[in-house]
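Analysis of the macromolecular model
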Amino acid sequence: MKAAPFAYVRPPTLDDVLAELAGGDGKVLAGGQSLVPVLAMRLGRPATLVDVTAVPELGEHGPDGRSGYRVGASVRQRVVEHDPAAQDVPLVSMAMPFVGHRELRSRGTVCGSLAHADPAAELPAVACCLDAQVEVAGPGGTRTVAAQEFVTGAMSTTAGPEDVVTAVTFPTAGPGDGFGFAEIARRHGDFALAGVVCRVHVTEAGAVDAAALTGFGISDRAVTRDVTALLAAGESEDDLRPATTELAAAIVDTGGDTHGSTGYRRRLFAVLAARELSRALHRAREGRTTR
Ligand SMILES: Cc1cc2nc3c(=O)[nH]c(=O)nc-3n(C[C@@H](O)[C@H](O)[C@H](O)COP(=O)(O)OP(=O)(O)OC[C@H]3O[C@@H](n4cnc5c(N)ncnc54)[C@H](O)[C@@H]3O)c2cc1C
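Note that the structure is a prediction, hence the values are computed from the model and not measured. (Residues numbered from 1 in each chain as written. Predicted model: local features only at pLDDT ≥ 70, side-chain atom pairs only at ≥ 80, totals over all residues. Heavy atoms only, no water.)

**Structural notes on the site of the ligand**
What counts, and what does not: The near set for a molecule or strand comprises every residue that places at least one heavy atom within 4 Å of it. Two N or O atoms count as a polar contact when they lie within 3.5 Å, although within protein this holds only if one can serve as hydrogen donor and the other as acceptor, and sequence-adjacent residues are included solely when both atoms are side-chain atoms. For the accessible areas, the method is Shrake-Rupley and the probe is 1.4 Å, while residue cover comes only from the protein chains on display.
Around the ligand there are 28 residues in total, and Val28, Gly32, Leu35, Thr109 and Glu122 lie nearest to it. Within the backbone of Leu35, one N or O atom sits 2.7 Å away from an oxygen atom of the ligand. Within the backbone of Gly100, an N or O atom sits 3.1 Å from an oxygen atom of the ligand. Surface burial for the ligand is 87%, taken as the share of its 970 Å² of free accessible area covered by protein chains.

Written as structure tokens, this is what we have:
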């Protein structure tokens, strides 16, 4: 099957992008790694593809000068993967090798992954866990939305058809932070059957004062919970398993499919969550962040 006919434009300014999207029958084209298959299968028939890659400011990335790492809308995943400054956001570095394959990351964008909002995608989960901020421009002006509020369901966000995501800012890591990331997929590069992302912060004395855990591939969107109290159960994987098993029963609600039942996904989530929280806690206490 081939895509239905469409017009293609590549405006030079953000104002021109918004003008092309006005009316709501256009679609933003970033890396095209998700959109082009959608068009080829005729699951979408936009009148116009609005390519955002010619707008200079959307190609910017780097430290924002306020404890954040900012990534513009046209910045490819591969660019971030190889940017030394992105190492200051350890979860992005940990997750990036699992986002499809190298060839896909050479074209796919970080903001495109957020805007596409696949429930099993890694980068929206990282953004939710870190409380990243998503910048959106539209006919009513610009706004900044917390990642957890930005994604509203499977392939669904608060960005309307006339809006464009212009950037996302991830908080950089600091002293006392520790992180964990793991996913189970049938083959490397596939979307995850279940995955977890977590961050733990400890005081100078080693006490846990903040911890968040995000599951992905387990519901209609990435699900984040404050797990500071959960870590009172102990620090080993075995100590944490009863609590993560209980959490799995509460939040894993993806229906079973040919790849695994809901019960199987709950078990994956519980095992991965206990293991990664334990690792993140040890990393935080030992000042190692990720290793
Ligand atoms: C075989 C295969 C395997 C994959 N595996 C994974 C995986 O394991 N994990 C994973 O996370 N992803 C995976 N992907 C998808 C990933 O490669 C895409 O890069 C990503 O989901 C979308 O990014 P993109 O820049 O290509 O967006 P596009 O394909 O250009 O756009 C995707 C959607 O988002 C919208 N959009 C894009 N940018 C913006 C913006 N700035 N503002 C508003 N709307 C926007 C588009 O209109 C479209 O609806 C896979 C894709 C393929 C083909």
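**Details of the sheet that holds strand β5 (residues 68-72)**
The condition is simple: In this analysis, strands are considered paired if DSSP registers two or more bridges between them. Strands are runs of DSSP state E lasting at least 2 residues, helices are runs of H or I lasting at least 4, and numbering of each runs from the N terminus. Helix axes are fitted only over the stretch in contact, all axes being lines through C-alpha atoms; the angle between N-to-C directions runs from 0 to 180 degrees.
Spatial ordering of the open sheet is given by β4-β5-β10-β6-β7, a layout of five strands whose pairing is antiparallel. On the outer flanks of this sheet lie β4 (61-63) and β7 (141-146), each paired with one strand and no other. Neighbouring strand axes in the sheet, compared pairwise and without regard to direction, differ in orientation by 20 degrees on average. Here strand β6 (residues 133-138) runs beside strand β10 (residues 164-171); their pairing, made up of five bridges, is antiparallel.

**Thoughts on helix α7 (residues 122-130)**
The following threshold applies: Each residue's exposure class comes from its accessible area (1.4 Å probe, protein chains only) as a fraction of the maximum for that residue type: buried when under 20%, exposed when over 50%, partly exposed otherwise.
In terms of burial, α7 is largely enclosed, as nine of its nine residues are buried. Buried within α7 we find Glu122, Leu123, Pro124, Ala125, Val126, Ala127, Cys128, Cys129 and Leu130. Asp131 sits one or two residues past α7 and shows a positive phi near 60 degrees.

**What about the pairing of strand β2 (residues 26-29)?**
Condition: A clockwise course of the path from the first strand over the helix to the second, judged with the strands pointing away from the viewer, identifies a crossover as right-handed.
Relative to strand β3 (residues 48-51), β2 runs parallel, the two sharing four bridges. Considered in β3, the bridge of Leu29 is made with Asp51. Tracing the backbone out of β2, into helix α2 (residues 35-40) and back to the parallel element β3 gives a crossover that is right-handed.

**So, the pattern of salt bridges**
Here is the rule we go by: The term salt bridge refers to a pairing of a side-chain nitrogen on Lys or Arg with a carboxyl oxygen on Asp or Glu at a separation within 4 Å.
Going through the model one piece at a time under the given rule, you end up with twelve salt bridges. Measuring nitrogen to oxygen at the nearest pair gives 3.1 Å for the salt bridge that ties Arg221 to Asp220. Measuring nitrogen to oxygen at the nearest pair gives 3.0 Å for the salt bridge that ties Glu276 to Arg279. Taken as a pair, Glu276 and Arg279 lie in helix α10 (residues 262-286) at a separation of three residues, close to a single helical turn.

**A word on the side chain of Arg76**
As a reminder, the rule being used: His is not counted, nor are the chain ends, whereas Lys and Arg count as positive and Asp and Glu as negative.
Looking at the element boundaries, Arg76 is found in the loop between β5 and α3 (77-81). Buried charge without a partner: Arg76 forms no salt bridge, and the closest opposite charge is Asp51, 6.6 Å away.

**Overview of a negative patch on the surface**
We apply this condition: Put simply, a patch holds well-exposed residues, over 30% relative accessible area, that have no salt bridge, with like charges counted together within 9 Å and Val, Leu, Ile, Met, Phe, Trp or Tyr side chains within 5 Å. We put the charge of a Lys on NZ, of an Arg on CZ, of an Asp on CG and of a Glu on CD.
A cluster of acidic residues, Asp15, Asp16, Glu20, Glu57 and Glu60, forms a negative patch on the protein surface. Judged by its relative accessible area of 34%, Glu20 falls in the partly exposed class.

**Topic: empty space enclosed by the protein**
This is how it is decided: Both cavities and pockets are sets of points on a 1 Å grid over the protein atoms alone; in a cavity a 1.4 Å probe fits but cannot get out, in a pocket the set is open with protein on both sides within 12 Å along at least five of seven lines, and lining residues sit with an atom within 4 Å of a point. Grid points are joined across faces, edges and corners, and a volume is the space filled by probe spheres set on the points. In this count, Pro and Cys sit with the nonpolar residues alongside Ala, Val, Leu, Ile, Met, Phe, Trp and Tyr, while Asp, Glu, Lys and Arg are called charged and the others, Gly among them, polar.
Applying the stated criterion across every chain, the model contains one cavity of 30 Å³ or more. Approximately 70 Å³ is the volume attributed to the largest cavity. Counting only elements with at least two residues in the lining of the largest cavity, the list comes to α7 and α8 (147-150). For the lining of the largest cavity, the residue count by class is seven nonpolar, one polar and two charged.

**Describing the nonpolar core**
This is how it is decided: Grouping buried Ala, Val, Leu, Ile, Met, Phe, Trp, Tyr and Cys residues that are joined through side-chain atoms within 4.5 Å yields what is termed a nonpolar core. It only takes one pair of heavy atoms within 4.5 Å for two residues to be counted as in contact.
Judged by nonpolar contacts, the single largest core of 52 residues is most densely connected at Val80, Leu91, Val168 and Phe170. With seven residues, the single largest contributor to this core is α7. Ignoring sequence-local partners within four residues, the contact set of Val80 consists of Tyr69, Val71, Val75, Ala86, Val92, Met96 and Val110. Grouped together as the second largest cluster of nonpolar side chains are 29 residues, Leu213, Leu230, Ile251 and Leu268 included.

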